[in-house]
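# Commentary on secondary and tertiary structure
Single-letter residue listing:
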Amino acid sequence: MTLTLGFSPCPNDTFIFDALVNKKIDTEGLEFDVRLEDVETLNQCALRGDLDISKISYGVLPLVMDRYQLLDAGGALGKGVGPLLISKQHIPLTDIATATIAVPGERTTAHLLFSLAFPTARHKRFMIFSDIEDAVLSGKADCGVIIHENRFTYQQRGLVKLLDLGEFWEKETGAPIPLGGIVFRRDPLPSPLSPGNPAAIPGLALRINRLIRKSLEYAFANYPDLPEYVISHAQEMDAAVMRKHIDLYVNNYSLSLGVDGEKAIQILLRTFARLNARDKAGSLSIVR
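Predicted, not measured: the structure shown is a model, and the values here were computed from it. (Residues numbered from 1 in each chain as written. Predicted model: local features only at pLDDT ≥ 70, side-chain atom pairs only at ≥ 80, totals over all residues. Heavy atoms only, no water.)

Quick look at the sheet that holds strand 6 (residues 84-87) now. Ordered by their spatial adjacency, 5 strands build an open sheet running 8-7-9-6-10, and the pairing between neighbours is mixed. Whereas interior strands pair on both sides, the edge strands pair on one side only; in this sheet they are strand 8 (124-126) and strand 10 (160-164). Across this sheet, the average inter-strand angle for adjacent strands is 30°, counted without regard to direction. Pairing between strand 6 and strand 9 (residues 143-146): 4 bridges, direction antiparallel. Directly across from Leu84, in strand 9, lies its bridge partner Ile146. (Pairing = 2+ DSSP bridges. Helix = DSSP H or I, 4+ residues; strand = E, 2+ residues; numbered from the N terminus. Axes fitted to C-alpha atoms, helices over the stretch in contact; angles between N-to-C directions.)

Right, here's the structure in full:
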């Protein structure tokens, strides 16, 4: 059986999935048609139900829970891992409501966290995360919300931090930051890219969750060595930055959400419902 699998080319995702997609572990007869995309593109794919298995932002999870179920393994949660609000110069936080903000995608967790901190901000420009710094430096945006490796490099480009949105979330909720998770399609209808119906196969979601965990365990066992798969997709990123990226975003929550991880996602669902004037948060189902 071949399943479509989408994740980003960022080091944390390629580190987690390397052993699975390159058959360094027993894949139990499963093949994977891999789609490497930025997370906002993956979010849009999930909204359409394009892929069987996909990395998504937790910010889009409330909108896809009718079609996908969340897997316990493979996600990105933690403390001190949140997006940063940056600018060319210090700006009073009271001025953010009228500033132009570059945001890495409308359905990203970064946007949700920014909206939690600045609910009255309206002048947002949505773009791919790798274009945020240039938008700020060129004056196309007054501020930007940065994620991924830009957390480690923004100061080298003369940019300054206005607020750590992850720290804001942690102070408000007391929970780790739920950034991204892995979902498995349960829609009984075939998707545009996957004409079969994998959701109809008993135990397949549990099997996939188990394989993702095994893939990560393999990666951890060989760390700090960087697989060629990680290096080849890292866009000429320095090896030290790759390891910082992995160290920050891949942790015990990636092996299993646990009680704290599930609590954080439940809080995010309630936050989404409040910010979007919904009566109630969706019902969370996790494949463990």
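Once you've had a look at it, read on.
Looking now at the pattern of salt bridges. For the coordinates displayed, the defined rule picks out 14 salt bridges. Close ionic contact of Asp134 with Arg157 constitutes a salt bridge, the shortest N to O distance being 2.6 Å. You can see Asp134 sitting in helix 5 (residues 132-137) and its partner Arg157 sitting in the loop between helix 6 (150-153) and strand 10, a full 23 residues away along the chain. A residue is classified by how much of its surface remains accessible, and Asp134, at 38% relative accessible area, is partly exposed. According to the relative accessible area criterion, Arg157 is partly exposed, its value standing at 39%. Salt bridges sharing common partners tie together Glu28, Arg207, Arg210 and Lys214. (Salt bridge = Lys/Arg side-chain N within 4 Å of Asp/Glu carboxyl O. Buried < 20%, exposed > 50% of the residue type's maximum accessible area, 1.4 Å probe, protein only.)

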